[in-house]
Amino acid sequence: MKEFLLRNLHGDVEGTCSGRVGFIICVLNVTNISPGKVLSGSGLAEFVVQYQAIVFKPYKGEVVDAIVTSVNQIGFFADVGPLQVFVAQKLMPNDFKFDSNGPCYRGDDQMIEKNGQVRLKIVGLKYQATQINAVGTIKEDYLGQIQ
């Protein structure tokens, strides 16, 4: 029974997102499994399981490395693990211009293009029940393209 519960726990929670705890990356170990309670009318059993897990909960002001997934005229999207961050053109240095031939953003000494690596700062987060939305900037020192 314990193996069945552990298998279901891993399948149900790993890779999910909760606005309260963030992204659940991996269940490390189970600390407690309550005795089962049979639900009337269905014959199913309910267990309360306490566990430790590796989670990723981003916060405002955090500087992260990301991979650019798409670039368009209004900005670009980048993935920080399971989190997708949008960087608007207004949150890029003033010398960055959109080049539709790429598509990419070109600055004096940097270029932001699809599959490129960038260092960005999270400036806004919106926590919802099953997802987290983020807005970032590269308009500060030491942010932008990673060479």
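Everything discussed here concerns the structure shown above.
What you see is a predicted model; the values in this text were computed from it and never measured.

(A) Representation of the nonpolar core. In this structure, F76, L83, I112, V118, L120 and I138 are the most contacted members of the largest nonpolar core, which totals 24 residues. Those elements that provide at least two residues to this core are strand 6 (63-72), strand 7 (75-80), strand 8 (83-88), strand 12 (117-127) and strand 13 (132-137). For this core, the leading source of residues is strand 6, giving four residues. The contacts of F76, once residues within four sequence positions are left out, are V68, S70, V71, V85, F86, V87, M92, I112, V118 and I138.

(B) How the structure looks around the sheet that holds strand 1 (residues 17-18). A sheet is described by the order of its strands in space; here three strands give the open sequence 1-2-5, paired in antiparallel fashion. A strand with exactly one partner marks an edge of an open sheet, and here the two such strands are strand 1 and strand 5 (49-56). The sheet contact formed by strand 1 and strand 2 (residues 22-33) spans two bridges and is antiparallel. Across the sheet, the residue bridging to S18 is G22, located in strand 2. Contacting strand 2 and strand 5, helix 1 (residues 2-13) crosses the sheet at an angle of about 165° to strand 2.

(C) Structural context of the packing of aromatic side chains. One pass over the structure, following the stated rule, counts three aromatic pairs. Summarising the aromatic geometry, the rings of F23 and F56 are spaced 6.2 Å apart at their centres and angled 20° between planes, so their arrangement reads as stacked. One end of the pair, F23, is in strand 2; the other, F56, is in strand 5, with 33 residues separating them in the sequence. Each member of the pair F23 and F56 is classed as buried. In this structure, K57 packs its charged tip against the face of Y127, placed 5.2 Å from the ring centre.

(D) Summary view of the sheet that holds strand 9 (residues 97-99). Strand order across the open sheet formed by three strands is 9-10-11, with antiparallel pairing between neighbours. Edge positions in the sheet fall to strand 9 and strand 11 (111-113), since each of these pairs with one other strand and no more. Neighbour-to-neighbour, the strand axes of the sheet open up by a mean angle of 25°, direction not taken into account. Summarising the sheet, strand 9 and strand 10 (residues 104-106) pair through three bridges and their orientation is antiparallel. Residue pairing in the sheet places F98 in a bridge with Y105 of strand 10.

Cut-offs applied
- Residues numbered from 1 in each chain as written.
- Predicted model: local features only at pLDDT ≥ 70, side-chain atom pairs only at ≥ 80, totals over all residues.
- Heavy atoms only, no water.
- Core = buried A, V, L, I, M, F, W, Y, C linked by side-chain atoms within 4.5 Å.
- Buried < 20%, exposed > 50% of the residue type's maximum accessible area, 1.4 Å probe, protein only.
- Helix = DSSP H or I, 4+ residues; strand = E, 2+ residues; numbered from the N terminus.
- Contact = heavy atoms within 4.5 Å.
- Pairing = 2+ DSSP bridges.
- Axes fitted to C-alpha atoms, helices over the stretch in contact; angles between N-to-C directions.
- Phe/Tyr/Trp six-rings, centres within 6.5 Å; stacked < 30°, edge-to-face > 60°.
- Lys NZ or Arg CZ within 6 Å of the ring centre and 35° of its normal.

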